[in-house]
Amino acid sequence: MPQTLSVIKADIGGYIGHTAMHPDVFDLGREAVARAVQSGLLIDAQVSSCGDDLFLIMSHDRGENDERVHKLAWDTFVDGTEVAKKLHLYGAGQDLLVDAFSGNIRGAGPGSAELELEERQSEPVIVFMGDKCSAGAFNLPFYKMFADPFNTAGLVISEALHQGFAFEVHDVKEHQKIMITTPDELYDLLVFIGSPARYAVKRVVSRATGAVGAVSSTDKLSLIAGRYVGKDDPAAVVRCQGDFPAVGEVLEAFTTAWSVEGFMRGSHYGPWMPVAQRDAHPARFDGPPRVVALGFQIAKGKLVGPRDMFDDLSFDNARAEANHISDYLRKHGPFEPHRLPLDEMEYTTMPAVAAKLTSRWSEI
Ligand code: F6R
Ligand code: MG
Ligand code: MG
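Residues numbered from 1 in each chain as written. Chains lettered and ligands numbered in written order. Predicted model: local features only at pLDDT ≥ 70, side-chain atom pairs only at ≥ 80, totals over all residues. Heavy atoms only, no water.

Looking now at the pattern of salt bridges. Enumeration over the complete set of coordinates arrives at 18 salt bridges. Arg120 is the partner of Glu123 in a salt bridge, and the nearest nitrogen-oxygen pair spans 2.8 Å. Residue Asp311 pairs with Arg278 through a salt bridge whose shortest N-O separation is 2.9 Å. In this pair, Asp311 is assigned in the loop between strand E15 (302-308) and helix H9 (316-330) and Arg278 in the loop between strand E13 (273-274) and strand E14 (290-299), connecting sequence segments 33 residues apart. What makes Arg278 exposed here is its relative accessible area of 54%. Because the salt bridges share partners, they merge into one network encompassing Asp52, Asp131 and Lys132. (Salt bridge = Lys/Arg side-chain N within 4 Å of Asp/Glu carboxyl O. Helix = DSSP H or I, 4+ residues; strand = E, 2+ residues; numbered from the N terminus. Buried < 20%, exposed > 50% of the residue type's maximum accessible area, 1.4 Å probe, protein only.)

Okay, structure coming up:
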């Protein structure tokens, strides 16, 4: 029977400011999923956090978009919001954008990445959790893992990967999707996914087997709410080994601190720093953006793990690079390319300032 790994996440309150998650909220999440495992709704589940976001990692056999699994996540976030409110945590319930659950968590605020799989004899997966970054942040790492032979040797030298992968790309503004295959349509793919604010990779599929190798959450809070409410802080799940990139090829994609949107007020570019979970508390200028990698072996749906995969000296250079880039970008203050271009800023005083000064403009 196929299994589903559902990672559903939300920021329901920060401790202190937007930097981290309070242990009481975390405990509530852990108890809620433990009850769901006991009741048989889930095969197994774990709760984790990156910065101020709570990630529910759930294994079950109910498929994607299952109403009961989504409702469990929604109810957990609602109950967690109550705890956050009592503690006066910052931005309690900020990602819950609708008043009531109506069958599916998509479009309600929380982000979801769900992957259906036929469990192999050994099934290594990595769950990535982002903070202070946006939907589309996984475009570049997914490209490196599944389409760049300089990252993934298996694309060249492994029979299982040599046919390449197909990318499901979502136009998050027009709500359209397209499949683009690599390596043959590589240049076409890059035209779109090189612009992650608009085009986000939802899934990557093996061309040899049709199996899904990776999935990410592409939910955009600002498009759902029509205004800035917080960062998307996406999640991703990647299957490894065999027909997919090896664990080391998947992680290799994070040895550079790629620029992502999401530093301070969601309105600045910053380097995406791969960190161990103990370092996932972005404090400097509400950043720099972070990514945590949790490794699991799936055993009959049970989550064996996690291993904290970026807790490794070999990511020290990427972390140092992220700190250097932060120093450099911060010197730009309110100037691009640290600040986002005007039309991509999550919030701006431009309309008010422009209205105030409108009568003072004259022809040159
Ligand atoms: C939150 C984030 C932060 C906030 C900033 C201002 O995810 O990215 O940088 O945007 O701390 O927060 P507010 O507007 O809540 O005072
Ligand atoms: Mg927050
Ligand atoms: Mg966050």
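Right, picking up where we left off after that structure.
At their nearest, the axes of helix H3 (residues 139-147) and helix H5 (residues 186-193) sit 11 Å apart, and the two run at 165° to each other. Viewed along their axes, H3 and H5 adopt a mutual orientation that is roughly antiparallel. Seen from above, H3 lies across H5 with right-handed handedness. Contacts between H3 and H5 involve Asn139, Tyr143 and Ala147 on the former and, on the latter, Leu186, Leu189, Leu190 and Ile193. Split into classes, the residues belonging to the contact of H3 with H5 amount to six nonpolar, one polar and no charged. (Axes fitted to C-alpha atoms, helices over the stretch in contact; angles between N-to-C directions. Parallel < 35°, antiparallel > 145°, perpendicular 65-115°, else oblique. Left-handed = near helix turned anticlockwise from the far one by under 90°. Contact = heavy atoms within 4.5 Å. Nonpolar A, V, L, I, M, F, W, Y, C, P; charged D, E, K, R; others polar.)

Position of Asp148 among the secondary structure elements: in the loop between H3 and helix H4 (154-157). Of the residues examined, Asp148 reaches a relative accessible area of 9% and is grouped as buried. Considering only alpha carbons, one finds Asp148 and Ala253, 105 residues apart in sequence, at a separation of 9.6 Å. Contacts of Asp148, omitting those with residues within four sequence positions, involve Tyr143 and Leu155. Of note is the side chain of Asp148, whose polar atom sits 2.8 Å from the side chain of Lys144. (Polar contact = N/O pair within 3.5 Å; in protein donor to acceptor, adjacent residues only side chain to side chain.)

Moving on to the coordination of the magnesium ion (ligand 3). Protein coordination of the magnesium ion (ligand 3) is provided by Asp52 (OD), Asp53 (OD), Asp131 (OD) and Asp233 (OD), with donor distances spanning 2.0 to 2.1 Å. For the magnesium ion (ligand 3), the donor residues sit on a single chain with the sequence spacing D-D-x77-D-x101-D. Distance-wise, the magnesium ion (ligand 2) is placed 4.7 Å from the magnesium ion (ligand 3), both being coordinated by Asp52. Of the residues examined, Asp53 reaches a relative accessible area of 0% and is grouped as buried. (Donors = N, O, S within 2.8 Å, 3.2 Å for Na, K, Ca; no water.)

This part takes up the side chain of Ser6. Looking at the secondary structure, you find Ser6 in strand E1 (residues 3-10). One polar contact links Ser6 to Glu114, side chain to side chain, over a distance of 2.6 Å. Ignoring any residue separated from it by four or fewer positions in sequence, one finds Ser6 in contact with Leu56, Ile57, Met58, His60, Val69, Ala113 and Glu114.

Moving on, we come to the packing of aromatic side chains. This structure, assessed with the given rule, holds twelve aromatic pairs. When the ring of Phe128 is compared with that of Phe138, the centres are 6.1 Å apart and the planes differ by 55°; the resulting orientation is tilted. Taken as a pair, Phe128 in strand E5 (residues 123-131) and Phe138 in the loop between E5 and H3 lie far apart in primary sequence, ten residues in all. Judged by its relative accessible area of 0%, Phe128 falls in the buried class. By the ring-pair criterion, three or more aromatic residues cluster together here, those being Phe128, Phe138, Phe142, Phe146, Phe165, Phe254, Trp272, Phe310 and Phe315. Between Arg330 and the ring centre of Phe285, over which it is positioned, the NZ or CZ distance is 3.5 Å. (Phe/Tyr/Trp six-rings, centres within 6.5 Å; stacked < 30°, edge-to-face > 60°. Lys NZ or Arg CZ within 6 Å of the ring centre and 35° of its normal.)

The step from Thr182 to Pro183 runs through a cis peptide bond, and the omega angle for that step is 10°. Position of Pro183 among the secondary structure elements: in the loop between strand E7 (176-181) and H5. The phi dihedral of Gln241 falls on the positive side, at around 75°, and the residue is not glycine. By the secondary structure assignment, Gln241 is in the loop between strand E10 (235-239) and helix H7 (247-252). Judged by its relative accessible area of 34%, Gln241 falls in the partly exposed class. Backbone geometry at Lys300 places phi at a positive 50°, although glycine is not the residue there. Relative to the helices and strands, Lys300 is located in the loop between E14 and E15. Overall, the relative accessible area of 73% leaves Lys300 in the exposed class.

By themselves, these observations are geometric and do not establish any function.
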